[in-house]
Amino acid sequence: MTRRLLMTTSGLMLLMSSGGAMAGMEEAREFLDAEIGDMSSLSREEQEAEMQWFVDAAEPFQGMNIRVVSETITTHEYESKVLAPAFTAITGIQITHDLIGEGDVVEKLQTQMQSGENIYDAYINDSDLIGTHWRYQQVRNLTDWMENEGADVTNPDLDIDDFIGKSFTTAPDGKLYQLPDQQFANLYWFRYDWFNDPDIKAEFEDEYGYELGVPVNWSAYEDIAEFFTGREIDGQQVYGHMDYGKKDPSLGWRFTDAWLSMAGNGDKGIPNGVPVDEWGIRVDENSRPVGSCVARGGDTNGPAAVYSIEKYLEWMEAYAPPEAQGMTFSESGPVPAQGNVAQQIFWYTAFTADMVKDGLPVVNEDGTPKWRMAPSPHGVYWQDGMKLGYQDAGAWTLMKSTPEERAKAAWLYAQFVTSKTVDVKKSHVGLTFIRESSIQHDSFTDRAPELGGLVEFYRSPARVQWTPTGTNVPDYPKLAQLWWQAIGDASSGAKTAQEAMDSLCAEQEQVLSRLERAGVQGDIGPALAEEHDIEYWNAQAVEAGNLAPQLKIENEKEEPITINYDELVKSWNDS
């Protein structure tokens, strides 16, 4: 499968570099022959019909030079190097698709918001900014855009309902502000071969009194981490846990990406807790942020949040390789592939492609992985109905400061790279699913055994509990940068977990207060609540049928629970 994908992509690159200057259906058919074939949820006839629509819709914009930007991941590299040249050949619209760091994308976006200068004609930025975009109203509302100004350049077969992440990019006003382009989740990763070794299983059960399996809760994860750490397997010392702890911006993502919600911070609600989300930010009935600290009804420094930080620090110290403490996100990602880690509670599926390469210690000779991914275990404060993990959703965003004709041309490209014609193939390259029709495609049924549970997870009912940051966060760029510094203080030992979260929630409220005073977000901007003790806010939550902030649970080591991985997957298939 992988070699075939590479061969067709290489063939297309040659085709595009040697093709004629004229745009149209001849170029579209060459693209379909060289790159797509049967790797599409559409028939060849339907593919050609969709390409004909793009050719016709793009005619008024031929010769324009359009610039778009995204972070550098495999999916976007494919778009930039393969799909952008194909789109140019088919439509005559010149596309420059820049690839830069995730933080740089946000910085460019912020600059365009603040200056009004049209830096890029479209952005693929995380849907974590949905609360920002909705409140500042500096991006085009796609629901209205598609029906009005952008109607002549909106594909009638775009099929918004086929996008599995549309709830992530929809604001409380019911409008779609961004179009998903790629998604990946953080899940639990483990050595399936070790967990099914009869001797290891027997030894674990003898020591802990229950069966080794996928941990359902943090208590079981902790036991498994302890069991494997220091053990010798396949001639090397192994560790029961992997993470990273360097004081670096990526440390902030480690926590805003739903670590607190996995512990049980915030309220019930899918895709995000209401009225308190997984960042610990509370909103009122009009979606106005009213606080982050427990004193204002928030949960950023509540017992569940502090527990989540303490477990992170404890497990890093006791069960992870010593070098993990000094690693960043990108440095720690490849470590489990080296073969000396038994499990990782917080592992991004974006690393899947790098974990299934031939010759790795974690790959069998037949190309199947020795590992699997599964739903993440939850902490002692977590309850049914809460989100359980994070899903990154990079999504197309059109700024209002972009001139209309340029926005229209960019919107055509955005729809092309997310179209049903190309999405199955793009999903095979990047493994970042956005469409239900691609997830269910027969080619992924065939490839599933090579991908360690990725396909099974995305086809499962559990998928809906993995969601990005929600709309409670009113200014993602300003607030997100506070996290890595606060958590870094806890990670380095400069502050206790409680002190770090107290500091973080206070800093978040300073930002909320400044936004409130400035009034720049109007009647959906922050309006800070009066301060009371945690008992007051907990009583209010209980009376309203909510959770946050929860009171401290004295015994945070609950009864450990595990589940057999194969039985778990079977239960998904039966549901």
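To keep things clear, this report deals only with the structure shown in the data block.

Parameters and conventions
Residues numbered from 1 in each chain as written. Predicted model: local features only at pLDDT ≥ 70, side-chain atom pairs only at ≥ 80, totals over all residues. Heavy atoms only, no water. Helix = DSSP H or I, 4+ residues; strand = E, 2+ residues; numbered from the N terminus. Buried < 20%, exposed > 50% of the residue type's maximum accessible area, 1.4 Å probe, protein only. Contact = heavy atoms within 4.5 Å. Lys, Arg positive; Asp, Glu negative; His and termini not counted. Charge placed at Lys NZ, Arg CZ, Asp CG, Glu CD. Disulfide = S-S within 2.5 Å. Core = buried A, V, L, I, M, F, W, Y, C linked by side-chain atoms within 4.5 Å. Phe/Tyr/Trp six-rings, centres within 6.5 Å; stacked < 30°, edge-to-face > 60°. Arc of directions from axis to C-beta. Salt bridge = Lys/Arg side-chain N within 4 Å of Asp/Glu carboxyl O. Patch = residues over 30% accessible without salt bridge, like charges linked within 9 Å, V, L, I, M, F, W, Y side chains within 5 Å. Areas by Shrake-Rupley, 256 points an atom, 1.4 Å probe, with all protein chains shown as cover.

### Thoughts on the overall build of the chain
Consideration 1: Of regular secondary structure, the chain possesses 24 helices and 13 strands.
Consideration 2: Structurally, the chain occupies a C-alpha span of about 70 × 60 × 40 Å along its principal axes.
Consideration 3: Per-residue burial over the chain gives 61% buried out of 575 residues.
Consideration 4: Sequence-distant contacts, at least 24 apart, represent 76% of the contacts inside the chain between residues at least 6 apart.
Consideration 5: Side chains of the chain give 43 positive and 94 negative charges; the mean places of these two sets differ by 3 Å.

### So, the state of the cysteines
Consideration 1: One pass over the structure, following the stated rule, counts 1 disulfide.
Consideration 2: Each disulfide pairs two cysteine sulfurs, and for Cys 293 the partner residue is Cys 505, the sulfurs being separated by 2.0 Å. Judged by the torsion about the S-S bond (95°), the Cys 293/Cys 505 disulfide is right-handed. Of this pair, Cys 293 sits in the loop between strand E9 (289-291) and helix H13 (303-319) while Cys 505 sits in helix H22 (residues 497-518), placing them 212 residues apart in sequence.

### Considering the nonpolar core
Consideration 1: Core analysis: the biggest nonpolar cluster contains 123 residues, and Phe 228, Phe 255 and Trp 259 have the highest contact counts within it.
Consideration 2: For this core, the leading source of residues is H13, giving 9 residues.
Consideration 3: With residues near it in sequence (within four places) discarded, Trp 259 still touches Trp 218, Arg 254, Ser 308, Ile 309, Tyr 312, Trp 315, Ile 345 and Phe 346.
Consideration 4: Ile 36, Phe 61, Val 82 and Trp 411 belong to the second-largest nonpolar core, a separate cluster that totals 47 residues.

### Describing the packing of aromatic side chains
Consideration 1: For the structure on display, the rule yields 43 aromatic pairs.
Consideration 2: Residues Phe 346 and Tyr 348 carry aromatic rings whose centres are separated by 5.6 Å and whose planes lie at 90° to one another, so their mutual orientation is edge-to-face.
Consideration 3: Both rings, one in Trp 396 and one in Tyr 413, keep their centres 5.7 Å apart while their planes meet at 85°; by these two values the pair is edge-to-face. Taken together, the residues Trp 396 in strand E12 (residues 391-397) and Tyr 413 in helix H16 (residues 404-417) connect sequence positions 17 residues apart.

### A word on the side chain of Thr 328
Consideration 1: Mapped onto the elements, Thr 328 comes out in the loop between H13 and helix H14 (329-332).
Consideration 2: Its relative accessible area of 10% is what places Thr 328 among the buried residues.
Consideration 3: Those residues in contact with Thr 328 that lie beyond four places of it in its chain are Tyr 244, Lys 246, Asp 248 and Ser 250.

### Points about helix H23 (residues 534-544)
Consideration 1: Within H23, the full set of buried residues consists of Ile 534, Trp 537, Asn 538 and Ala 541. Looking straight down H23, one finds that the buried residues subtend no more than 100° of arc, so they occupy a single side.
Consideration 2: Elements that come into contact with the buried residues of H23 comprise strand E8 (282-283) and H13.
Consideration 3: Phi turns positive, to about 80°, at Gly 545, one or two residues after H23.

### Focus: the pattern of salt bridges
Consideration 1: Summed over the entire model, instances satisfying the criterion amount to 31 salt bridges.
Consideration 2: Between Lys 311 and Glu 222 there is a salt bridge, and its shortest N-O distance comes to 2.8 Å. On the criterion of sequence distance, the pair formed by Lys 311 in helix H13 and Glu 222 in helix H10 (residues 218-228) is long-range, its members being 89 residues apart. Exposure class is identical for Lys 311 and Glu 222. Each is buried.
Consideration 3: For Asp 489, the salt bridge identified is with Lys 495, shortest N-O distance 3.7 Å.

### Regarding a negative patch on the surface
Consideration 1: On the surface, Glu 205, Asp 206, Glu 207 and Glu 226 cluster together to form a negatively charged patch.
Consideration 2: Assessed through its relative accessible area of 69%, Asp 206 is described here as exposed.

### Some remarks on unusual backbone geometry
Consideration 1: The omega torsion of the bond from Ile 270 to Pro 271 falls at 10°, within 30 degrees of zero and hence cis.
Consideration 2: Counting through the fold element by element, Pro 271 comes out in the loop between helix H12 (259-263) and E8.
Consideration 3: At the junction of Val 274 and Pro 275, the peptide bond is cis and its omega measures out at 0° in the coordinates.
Consideration 4: Topologically, Pro 275 is positioned in the loop between H12 and E8.
Consideration 5: Of note in the backbone geometry, Gln 137 takes a positive phi value of approximately 55° without being a glycine.
Consideration 6: Along the chain, Gln 137 turns up in the loop between helix H6 (130-136) and helix H7 (142-147).

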